[in-house]
Amino acid sequence: AQSVAQPEDQVNVAEGNPLTVKCTYSVSGNPYLFWYVQYPNRGLQFLLKYITGDNLVKGSYGFEAEFNKSQTSFHLKKPSALVSDSALYFCAVRDRVTDSWGKLQFGAGTQVVVTP
Amino acid sequence: ETGVTQSPTHLIKTRGQQVTLRCSSQSGHNTVSWYQQALGQGPQFIFQYYREEENGRGNFPPRFSGLQFPNYSSELNVNALELDDSALYLCASAPGLESSYEQYFGPGTRLTVT
């Protein structure tokens, strides 16, 4: 069975400071990993994904994430946070062996609050 | 390119009633997945449709059912509504079954069961 853990319910950061949102995963095989962002009363918006290759993945709006196989982590990062980055962030995993179809397993989400 | 759309935006139903939620896939996408997002939680996978056939199902009872039409739009039907069915229902489309594809989500339908 696959699972995703986002250990922080909320992350607070001042505008201009680095932002990190943590994610760890558990799958029986090799993972595909995704980050999504959700603004109030909106659906989920895709940020980036790790499929294979370079462990550092760059995505939309200046976000990046680092895949660490030994630590089974896929932390989301942004060098300089903006107030507009305040939103709910979800990490999701799919096992490329056992889930050849569509099921995404999501974490519980991390609320990011960026203060001016 | 048209994104994923869902209707209605909000819906209020009474326990025991039935509800139908609708989703239009992003242009060129033939795969649709439905998720339930309860308040304060991450989305939970309900099922996926590919070329009008159910292709996978999460841990939801049979009273949750769906359809996919030849134009790849989709419906989620929930019978015998329960209070715990109150949630945001999200539809997501993808260009195929390949598990590396990201899914594109609609804005959701907020269902309230009283």
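Residues numbered from 1 in each chain as written. Chains lettered and ligands numbered in written order. Predicted model: local features only at pLDDT ≥ 70, side-chain atom pairs only at ≥ 80, totals over all residues. Heavy atoms only, no water.

S.K.: Explanation requested: the pairing of strand β5 (residues 31-38) of chain A in the structure shown.
M.R.: Regular strands place side chains that alternate from one sheet face to the opposite one. All names here are of chain A. Of all eight residues in β5, eight are buried; the element is thus mostly enclosed. Judged by which residues are buried, β5 turns out to be covered on both faces: Pro31, Leu33, Trp35 and Val37 on one side and Tyr32, Phe34, Tyr36 and Gln38 on the other are all buried. Looking at chain direction, β5 and strand β6 (residues 44-50) are connected through six bridges and run antiparallel. Its bridge partner lying in β6, Leu33 is registered against Tyr50. Hairpin connection, β5 to β6: the antiparallel pair is bridged by five residues, and Asn41 has positive phi, about 60°. (Buried < 20%, exposed > 50% of the residue type's maximum accessible area, 1.4 Å probe, protein only. Helix = DSSP H or I, 4+ residues; strand = E, 2+ residues; numbered from the N terminus. Pairing = 2+ DSSP bridges.)

S.K.: Explanation requested: the nonpolar core in the structure shown.
M.R.: Buried together is how nonpolar side chains tend to be arranged in soluble globular proteins. If you look at the biggest cluster of nonpolar residues, it comprises 27 residues, and the most contacted ones within it are Leu19, Trp35, Leu47, Leu48, Phe74, Leu76 and Tyr89 of chain A. Among the secondary structure elements, those contributing two or more residues to this core are β2 (10-14), β3 (19-21), β5, β6, β8 (64-68), β9 (73-78), β10 (87-95) and β12 (110-115) of chain A. Those residues in contact with Tyr89 of chain A, other than ones at most four positions away along the chain, are Gln6, Trp35, Tyr36, Val37, Leu47, Phe63, Leu76, Gly109, Thr110 and Val112 of chain A. In this structure, Tyr49, Phe60, Leu76 and Val78 of chain B belong to the second largest nonpolar core, which totals 20 residues. (Core = buried A, V, L, I, M, F, W, Y, C linked by side-chain atoms within 4.5 Å. Contact = heavy atoms within 4.5 Å.)

S.K.: Looking at this structure, how should I read the pairing of strand β4 (residues 31-37) of chain B?
M.R.: Residues and elements named next belong to chain B. Buried residues dominate β4, accounting for seven of its seven residues. The two faces of β4 match: Thr31, Ser33, Tyr35 and Gln37 on one face and Val32, Trp34 and Gln36 on the other face are all buried. In this sheet, strand β5 (residues 44-50) lies alongside β4 in antiparallel orientation, the contact comprising six bridges. Looking across to β5, one finds that Trp34 is bridged to Phe47. The pairing of β4 with strand β9 (residues 87-94) spans seven bridges and is classified as antiparallel. Directly across from Ser33, in β9, lies its bridge partner Ala92.

S.K.: Please explain the environment of Ala108 of chain A as it appears in this structure.
M.R.: Mapped onto the fold, Ala108 of chain A is located in the loop between β11 (105-106) and β12. Ala108 of chain A sits 19 residues away from Tyr89 of chain A along the chain, and the two C-alpha atoms are 9.0 Å apart. Once residues lying within four places of it in the same chain are set aside, the contact partners of Ala108 of chain A are Gln6 and Phe90 of chain A together with Gly40, Gln41 and Gly42 of chain B.

S.K.: Looking at this model, I keep getting lost on the packing of aromatic side chains. Mind explaining?
M.R.: Two aromatic rings are characterised by how far apart their centres lie and by the angle between their planes. Applying the stated criterion across every chain yields a total of 13 aromatic pairs over all chains. Plain terms: the ring middles of Tyr36 of chain A and Phe105 of chain B are 5.3 Å apart, the flat faces sit at 80° to each other, and that makes the pair edge-to-face. Taken as a pair, Tyr36 of chain A in strand β5 and Phe105 of chain B in strand β10 (residues 104-105) lie in two separate chains rather than in one. Across this residue pair, the class does not change: Tyr36 of chain A and Phe105 of chain B are buried. Put simply, the rings of Tyr36, Phe46, Phe90 and Phe106 of chain A together with Tyr35, Phe45 and Phe105 of chain B pair up and form one aromatic cluster. (Phe/Tyr/Trp six-rings, centres within 6.5 Å; stacked < 30°, edge-to-face > 60°.)

S.K.: Help me out: how do you make sense of the interface of chain B and chain A in this one?
M.R.: The accessible area lost on association of the parts is a frequent measure of interface size. Of the residues lining the interface, 24 residues belong to chain B; the matching set on chain A comes to 22 residues. Carbon and sulfur atoms make up 53% of the surface buried where chain B meets chain A, a total of about 1,700 Å² over both sides. When the buried area of chain B at its contact with chain A is split by residue, Ser99, Glu102 and Phe105 of chain B rank highest and sum to 29% of it. Taken together, chain B and chain A are joined by one salt bridge. Summed over the shared surface of chain B and chain A, the number is five residue pairs in polar contact (both at pLDDT 80 or more). Those elements that provide at least two residues to the side of chain B that touches chain A are β4, β5, β6 (53-57) and β9 of chain B. (Buried area = accessible area lost by both parts, 1.4 Å probe. Salt bridge = Lys/Arg side-chain N within 4 Å of Asp/Glu carboxyl O. Polar contact = N/O pair within 3.5 Å; in protein donor to acceptor, adjacent residues only side chain to side chain.)

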